[in-house]
Amino acid sequence: MDHQLRCSTISRAVQIGTGVDERTGAVSYPIYPSATYRHPGVGQSTGYDYIRSGNPTREVLEQALADLEGGSRGLAFSSGMAALTTLFLHFSTGDHLIVSEDLYGGTYRLLDQVFSSFGLATSYVDTSSSASVKAALLPQTKALLVETPGNPLLGIADLAALGNLCRQNNLLFIVDNTFMTPVLQHPFDYGADIIVHSATKYLGGHNDLCAGVLIVRTPELGERLYFLQNSTGAVLPPQDCWLLMRSLKTLHLRISRHCDNATTVADWLNRHPLVNRVFYPGLPDHPGHQLASRQMKKFGGMLSFRVTSATVARRLLEQLQMISFAESLGGAETLITLPAVQTHADIPVADRQRLGIDDTLLRLSVGLEDPQDIIADLEQALAGQ
Ligand SMILES: *Cc1c(COP(=O)(O)O)cnc(C)c1O
């Protein structure tokens, strides 16, 4: 790329890695599988020593991720959970975290069943209420981790209000931006310190890659988390770094289509007699709609809906033809899940019931197909029930 020209993030995403390999001028940045590098002399290095500590392909990806989110440094991991594990290792025994209660089930499991035994305490709070977050503060609270929109009910947290609260109380403000991607929401604009992604989802975008990302605002945090990444070792392999770079080149196009399709499908579901409620931030009756309109560029590709009974939910899943009954989200193919028995199974039954995650609730990751085909599949699967 011409370095005089300051392109928009769309163009910068398309141009990831292009021309960076000066020796060959490669348009697609190469995969460097080498596990180790020859030193020019004693005490000298090319900048690369060992694959876990630094890899050229990973470096290009990590810089691109930092650039897209507007942070100072990006770090790529072998999964979203590996990124979160590395992040939680930043804390010490006796520390306390406040976390969204409407969150990814695996993050809940990691804190509740793994980090709790190292003395890291967590409170699960409705982060769409800033007052509830404030009420959960303890003297030993070190950080707030927010998912917005929440999972699976798509509740919206007020990033500006929470950013202020974190600044006033000296908390690290962490935002899991998996559902939004840098195309739709910029947590650093609201004072976030660290952004987390499961790149397995929209960033990868094709249901064929497992990856995680941390992006930090300050170089100091970048150094600290790089130290933890290198010390613990859950780095993203170079082949997968390349695949993720390739995916990022079409991120803007894909996200735009995901949002448009989700809006069309949400409107249709909202009018179906067997659907009691649709949870989509783009619908005017969603409790977070106004806030979402300010904070997000569009409303995303995820929605949940409640059908009239558990039997309707089960039959719907059995009768779908094109749409896959499968976990995960954010890929080209439309996927549907039953959160109570899949993604959120580790959340205790009482908490699930309180949150409204029961066996009538379905979550749809609206894909890139023709939206009329997605609707036609849902229509035939709901027909005759
Ligand atoms: C999937 C997901 C994760 C975990 O990421 P993996 O890549 O599956 O390890 C974390 N947060 C959110 C919001 C997710 O959807």
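### Here's the deal with the packing of aromatic side chains
Tallied over the entire structure, the rule returns six aromatic pairs. A centroid spacing of 6.0 Å and a plane angle of 40 degrees characterise the contact between Tyr-29 and Tyr-32, whose relative ring orientation is tilted. On the accessibility criterion, Tyr-29 (9% relative accessible area) is buried. Judged by its relative accessible area of 28%, Tyr-32 is partly exposed. Here Tyr-37 and Tyr-48 contribute two aromatic rings whose centre-to-centre distance is 5.6 Å and whose plane-to-plane angle is 40 degrees, an arrangement assigned as tilted. Taken as a pair, Tyr-37 in the loop between helix H1 (9–14) and helix H2 (56–69) and Tyr-48 in the loop between H1 and H2 lie far apart in primary sequence, eleven residues in all. Across this residue pair, the class does not change: Tyr-37 and Tyr-48 are buried. Across the ring face of Tyr-104, the terminal group of Lys-201 is positioned such that the distance to the ring centre comes to 4.9 Å.

### Comments concerning the domain arrangement of the chain
Interface size, as often reported, equals the accessible area lost upon joining of the parts. The domain architecture assigned to the chain consists of domain 1 (9–248) and domain 2 (252–383). The interface of domain 1 with domain 2 comprises 41 residues on the first partner and 42 residues on the second. Regarding the contact of domain 1 and domain 2, the summed buried area is about 3300 Å², with carbon and sulfur atoms giving 60% of it. By the criterion of area lost to domain 2, the three top residues of domain 1 are Leu-153, Leu-184 and Tyr-202, representing 22% of everything that side buries. Counting every contact that joins domain 1 to domain 2 gives two salt bridges. With its nearest N and O atoms 3.1 Å apart, the salt bridge here joins Arg-354 to Glu-101. Counting across the interface, domain 1 meets domain 2 through 15 residue pairs in polar contact (both at pLDDT 80 or more). Broken down by secondary-structure element, the contributors of at least two residues to the side of domain 1 that touches domain 2 are H1, helix H4 (105–114), helix H6 (159–168), helix H7 (181–184) and helix H9 (238–248).

Calculation notes
- Residues numbered from 1 in each chain as written.
- Predicted model: local features only at pLDDT ≥ 70, side-chain atom pairs only at ≥ 80, totals over all residues.
- Heavy atoms only, no water.
- Phe/Tyr/Trp six-rings, centres within 6.5 Å; stacked < 30°, edge-to-face > 60°.
- Buried < 20%, exposed > 50% of the residue type's maximum accessible area, 1.4 Å probe, protein only.
- Helix = DSSP H or I, 4+ residues; strand = E, 2+ residues; numbered from the N terminus.
- Lys NZ or Arg CZ within 6 Å of the ring centre and 35° of its normal.
- Domains from an automatic or database assignment.
- Contact = heavy atoms within 4.5 Å.
- Buried area = accessible area lost by both parts, 1.4 Å probe.
- Salt bridge = Lys/Arg side-chain N within 4 Å of Asp/Glu carboxyl O.
- Polar contact = N/O pair within 3.5 Å; in protein donor to acceptor, adjacent residues only side chain to side chain.

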